[in-house]
Amino acid sequence: MRFLSLIRVDENTGQVPSQRLIDEMTVLIEQMRAAGKLVDTGGLQPTAKGRRVRLHNGKLSSIDGPFTESKEVIGGYAILEAADLDEATELTRRFAALHGDEWNIECEVRQIEEA
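The structure displayed is predicted, hence computed values, not measured ones.

## Overview of the overall build of the protein chain
Part 1 of the argument: A tally of regular secondary structure across the protein chain gives two helices and six strands.
Part 2 of the argument: Traced from its N-terminal end to its C-terminal end, the protein chain shows the element sequence β-α-β-β-β-β-α-β.
Part 3 of the argument: C-alpha extents for the protein chain along the principal axes are approximately 45 × 40 × 20 Å.
Part 4 of the argument: Taking all 115 residues of the protein chain together, the buried fraction comes to 23%.
Part 5 of the argument: A fraction of 73% describes how many contacts in the protein chain between residues 6 or more apart in sequence connect residues 24 or more apart.
Part 6 of the argument: Looking at the protein chain as shown, the accessible area adds up to about 8,000 Å², and 51% of this sits on carbon and sulfur atoms.
Part 7 of the argument: Distance from the positive charge centre (14 side chains) to the negative charge centre (20 side chains) of the protein chain: 7 Å.

## Quick look at the side chain of Thr 92
Part 1 of the argument: Tracing the backbone shows Thr 92 in helix α2 (residues 85-97).
Part 2 of the argument: Side-chain polar atoms of Thr 92 contact the side chain of Ser 5, separated by 3.2 Å.
Part 3 of the argument: Apart from residues lying up to four places away in sequence, Thr 92 is in contact with Ser 5, Leu 80, Cys 107 and Val 109.

Cut-off values and rules
Residues numbered from 1 in each chain as written. Predicted model: local features only at pLDDT ≥ 70, side-chain atom pairs only at ≥ 80, totals over all residues. Heavy atoms only, no water. Helix = DSSP H or I, 4+ residues; strand = E, 2+ residues; numbered from the N terminus. Buried < 20%, exposed > 50% of the residue type's maximum accessible area, 1.4 Å probe, protein only. Contact = heavy atoms within 4.5 Å. Areas by Shrake-Rupley, 256 points an atom, 1.4 Å probe, with all protein chains shown as cover. Lys, Arg positive; Asp, Glu negative; His and termini not counted. Charge placed at Lys NZ, Arg CZ, Asp CG, Glu CD. Polar contact = N/O pair within 3.5 Å; in protein donor to acceptor, adjacent residues only side chain to side chain.

Put into structure tokens, the structure is as follows:
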């Protein structure tokens, strides 16, 4: 089964990954890919570089970022291959733990609907 792990961050902190975090994340990503557990992963640009498209009452609109009404935003994602939600959660916990006490993040793990 595939799962999507959404990484929520407070983008208003201006925080950037340390070299330690980048190095440890590179190792973890390589390990998870080699084990067939990581399908894809990536970080997202700040909302200031994005746009929202909204459909409301049949009318489409779009708004350029930043999205000031949102404190926490999706900062990255991982698509995981796991036997069940428990395994996907454990894989996500490994990722979150690398951030140590330098970061405050929250990850949401959800199974991807497959036909």
